[in-house]
Every structure is written in structure tokens, then in C-alpha cells.
Amino acid sequence: MTELERRYAGWLRLYPKAYRRARGAEMLAVLMDSSPPDRSRPQWREVRGLILGALRVRAGAHGRRTVGHSWRVSLRTAALMLLIVAGGDVLWQMTRHSVGASLVVVAACVLAMVAVFRGAYLAATVLTAGAFVLDAVARQGIYEFSSSWPLPLAVVLLIPLVGRGAVTAPRSLHLMLLVPLVSVTLQGYGTIAQEPAFQTAGRTVWQTLAVAAIIWSIVDERVTISLGLAFLYVVVSSAASDLVAMGAWSTGSWALIDLAVLATLPVLNIAVGATVAVFRARI
């Protein structure tokens, strides 16, 4: 084995063992055949391609896929994220509303998530819509109503999936479900403990990960689109809450500026992810 071959083999170890057993020899042969005889080390573009390819394989993002498939996976993942947000919000606000109604809403959210995982999108849509109606009846005022926005947004995301068959998403994409769990936990603790820093930490989590997702789009654009779609609930909820602060123009103008800045990230996520999805489909 030559020095160049050893170096190529070292970079190929970034790929999972099963993938190397199936395609490692073929990949190594292609790399060696495309290299001039006097080369002793891989070029940077080859190393970059191997690293990116390994990340895509480990994330379940390798292989060809259509733009429609990328969008369906993203819609499914974002809807699951919103259902987690809605269920978590209802749980930590249970003491402020009817306990019975709150438990029914949470149960409906859980059943809707099960339906999504099973590919029963019509049932998931009906359950989510029912949970929204019941939750809205149990709340009063614009500020309270803003907390239930994840549910109607989830319905909007689920409708395009109805009648199109089950969508298979890689297991790595399910890690996205940790985002709403962390966000709701921080916000719930901050509200209960009256800690302002924790009350705004949930929004910070979304903003930080939205920036990271733009970078990750070169690996899996579905993560970027999913996070952007789910992040829209933060924008809509903030818009509804800010209506309360619109009494004075000075206060309202600052609220509008803050809302415009907040909306930039999810819109950018969706735009970048959609562009990469089109590019990947043409490869």
C-alpha cells in the first residue's frame, strides 16, 4: 500500500463500518485511479468531499432525493416539534387553567405525535385541530391565546402530508425533537421560578440553533427547513403578545423592530434549506 493509499484509507475511516464494508474498496479504488502517480497526499477538495460525505452518511442524508421528499420530511419533523412545544406549554401552565382540559390537550398532542410516526396524517391533523380548539376555549386574552399558536401551525404543516403516504425520516433527524424539549423546559422553569433569564432562554435556544442549522444545510438541508418552519411559532407568538404592548407608539415601534429581527432567522432558514434542496435534487 502506497503512502497516498494509506492516507485515503485513513480519511475513509470517518465513514461508518457498515458503509466502509459495502463501498470502502470501491471508493478507495476510484480515488486512486483519479490521482496522478506522483501524488503523495490527498488534495484539499478531496478531503473536504470525504468529510462532507461521511457527515451525510452518518446523518442519513446521503443519496439522491427529490425536492418534494425533502419538504415532506421537513414538514413532518416541524409538526412533531410544534406538538412537543404545545404539549409542554400546556403542562407547565396547567395550574393557571382547567386541569382536566389541560390533560386532554396533552393527551391529544401525544396521540397526534403517535399518528405522525405511524404515517396517519389525517388523524394527526384532526387530533391537533381538536387540541387547539379545546386549548383556545380554556384560555382568555390575547397573551394567553398566543401560547396556543404551535397547534394551528402544526395543522398547517400536517395538511400537505395528508394522502401522500408515510414519510420516512432518518433517525438522526429525530434529534431535532430535543430542541422544543429544551426550550419548553427552560421557559417553564423560568416562569415557575420567576427567573427572567430562563424565561427568555427558550427564544435564545431557537435563535442559536437557527444559525447553526444554516451551516448544517450543507450536510442535511431538511434540518434547516424543519427548524425554520418550527421557529415560525416563536415569531407568531411574539407578534400576538406584542399586540398588548402597542398602546404607545414608541413601545409598539420597538416591538415591531424586535419582531422583524426575530423573523429574519426562520425565513433565512427556510430560504437556504429550500435552495439547497433544489440543488441536491439536481445532482
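Residues numbered from 1 in each chain as written. Predicted model: local features only at pLDDT ≥ 70, side-chain atom pairs only at ≥ 80, totals over all residues. Heavy atoms only, no water.

Draft legend 1. A look at the confidence of the model for the protein chain. Here the protein chain averages 85 in pLDDT, while 89% of its residues score no lower than 70. In this model, residues 247-251 is a region of pLDDT below 50 whose contacts with residues beyond four sequence positions or in other chains number one contact. (pLDDT = per-residue confidence, 0-100. Contact = heavy atoms within 4.5 Å.)

Draft legend 2. A look at helix α9 (residues 178-193). Over its 16 residues, α9 runs 22 Å from end to end, which matches the ideal 22 Å to within 8%, given 1.5 Å per residue. Along α9, the residues that are buried comprise Val 179, Pro 180, Ser 183, Val 184, Gly 188 and Gly 190. For α9, the arc enclosing every buried residue in end-on projection is 165°, short of the 170-degree limit, so these residues lie on one face. More than 90 degrees from the buried face of α9, the exposed residues found are Thr 185 and Ile 192. Just downstream of α9, Gln 194 is the residue with a positive phi angle, here 55°. (Helix = DSSP H or I, 4+ residues; strand = E, 2+ residues; numbered from the N terminus. Expected span 1.5 Å × (residues − 1). Buried < 20%, exposed > 50% of the residue type's maximum accessible area, 1.4 Å probe, protein only. Arc of directions from axis to C-beta.)

Draft legend 3. Spatial organisation of the packing of aromatic side chains. In total, this model carries three aromatic pairs according to the counting rule given. Ring geometry for Trp 206 against Phe 231: centres 5.9 Å apart, planes inclined by 25°, an arrangement best described as stacked. One end of the pair, Trp 206, is in helix α11 (residues 201-216); the other, Phe 231, is in helix α12 (residues 221-242), and 25 residues separate them in sequence. An identical accessibility class is assigned to Trp 206 and Phe 231; each is buried. The interplanar angle of 70° and the centroid separation of 5.8 Å between the aromatic rings of Trp 206 and Tyr 233 together place this pair among those described as edge-to-face. Pair noted here: Trp 206 is in helix α11 and Tyr 233 is in helix α12, with a separation of 27 residues, a long-range link. (Phe/Tyr/Trp six-rings, centres within 6.5 Å; stacked < 30°, edge-to-face > 60°.)

Draft legend 4. Main features of the side chain of Arg 222. Checked against the element boundaries, Arg 222 lands in helix α12. One polar contact links the side chain of Arg 222 to the main-chain carbonyl oxygen of Gly 60, over a distance of 3.1 Å. Each residue touching Arg 222, except ones within four places of it in the same chain, is listed here: Gly 60, Ala 61, Arg 65, His 69, Ser 70, Val 73, Ser 74, Pro 170 and Leu 173. (Polar contact = N/O pair within 3.5 Å; in protein donor to acceptor, adjacent residues only side chain to side chain.)

Draft legend 5. Expanded view of helix α8 (residues 150-158). Within α8, seven of the nine residues are buried, which leaves the element mostly enclosed by the surrounding structure. All of the buried residues in α8 are Pro 150, Leu 151, Pro 152, Ala 154, Val 155, Leu 157 and Leu 158.

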